Amino acid sequence: MPKFAANLSFIFQEVRFLDRFAAAAACGFKAVEYLTPYEHQPEVIAGQLNRHGLEQALFNMPPGDWVAGERGNGAEAERIYVANLQFAAERLAGEGVTVVIEPINTRDIPGYFLNTTTQAMYLIERVGRPNLKLQLDLYHVQIMEGDLAHRVRALSGHYPHVQIAGNPGRHEPDIGEINYPYLFDLLDELGYAGWIGCEYRPKGETRAGLGWARRYGIGG
């Protein structure tokens, strides 16, 4: 059965960030993820995780100056990007941390460097570090490449984290053209045991839109 992590940068916007941990736990989520939690001290984040029995499934590296439009750490060339990934993977290997890179579609973030799973796998091979993997966001893959079931199969073993959202609109995964129940069953068939991050924008109140997840024990 799939395991879902609540992306607290996207869902439970009805309450302030630190209150979203409790909201996620109350809905049955066992893990959370977020984009950039850096305005809060690590001890504060850890306290929320421990208090509500949640696992931290994922968070993003610092993105640079987000307000000014930066969406990365200034890797202006592929060579520098590869070197940065090698440094990060080597630095974190001793901590038992897996580094993941995420292709993002050019419609949501124009000018973003990494756009397809093909490009990502090429770079992962170039970096050549066992703790560098692919973050498979099926919303972005659908927009840029499509053929989701084939890619889920072909890339099996290379992605320790999956994310979802409906397309078009990036709303709940039961809205739009993607047949997520089919893909969840496929992930189970392939033995995927990682988290599936709910990185979507609810059309209304978060809990009211969790009907799609009740069959998986989420939403009450």
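Scroll up for the structure.
Residues numbered from 1 in each chain as written. Predicted model: local features only at pLDDT ≥ 70, side-chain atom pairs only at ≥ 80, totals over all residues. Heavy atoms only, no water.

A. Spotlight on a nonpolar patch on the surface. Together, Tyr-38, Phe-59 and Met-61 line one region of the surface with nonpolar side chains, adding up to about 300 Å² of accessible area. Overall, Tyr-38 belongs to the partly exposed group, its relative accessible area being 41%. (Patch = residues over 30% accessible without salt bridge, like charges linked within 9 Å, V, L, I, M, F, W, Y side chains within 5 Å. Areas by Shrake-Rupley, 256 points an atom, 1.4 Å probe, with all protein chains shown as cover. Salt bridge = Lys/Arg side-chain N within 4 Å of Asp/Glu carboxyl O. Buried < 20%, exposed > 50% of the residue type's maximum accessible area, 1.4 Å probe, protein only.)

B. Geometry of the state of the cysteines. On inspection of all chains with the given rule, the structure shows zero disulfides. Here Cys-27 stays unpaired: no disulfide links it, and the sulfur of Cys-198, its closest cysteine neighbor, is 11 Å away. Looking at Cys-198, the relative accessible area reads 0%, which means it is buried. (Disulfide = S-S within 2.5 Å.)

C. A look at the sheet that holds strand S3 (residues 55-59). Strands sit in the order S3-S2-S1-S7-S6-S5-S4 across an open sheet of seven strands; the sheet is parallel. Of all strands in the sheet, those with a lone pairing partner are S3 and strand S4 (99-101), marking the two edges. Across the sheet, the axes of successive neighbouring strands diverge by a mean angle of 30 degrees, strand direction being ignored. Its contacts with the sheet put helix H3 (residues 78-93) on S4 and strand S5 (132-137), and the angle it makes with S4 is roughly 155 degrees. (Pairing = 2+ DSSP bridges. Helix = DSSP H or I, 4+ residues; strand = E, 2+ residues; numbered from the N terminus. Axes fitted to C-alpha atoms, helices over the stretch in contact; angles between N-to-C directions. Contact = heavy atoms within 4.5 Å.)

D. Geometry of the pattern of salt bridges. This model, assessed by the stated rule, comprises seven salt bridges. Across the pair Asp-19 and Arg-16 runs a salt bridge, and its minimum N-O distance is 3.1 Å. Of the residues examined, Asp-19 reaches a relative accessible area of 35% and is grouped as partly exposed. With a relative accessible area of 53%, Arg-16 lands in the exposed category. The salt bridge involving Glu-78 is made with Arg-126; its shortest N-O contact spans 2.5 Å. Of this pair, Glu-78 sits in helix H3 while Arg-126 sits in helix H4 (residues 117-127); the two residues are 48 residues apart in sequence, bridging distant segments of the chain. By relative accessible area, Glu-78 is classed as partly exposed at 29%. Using a relative accessible area of 39% as the deciding quantity, one classes Arg-126 as partly exposed. Ionic contacts of the salt-bridge type, sharing partners, join the residues Asp-108, Arg-170 and Glu-199 into one network.

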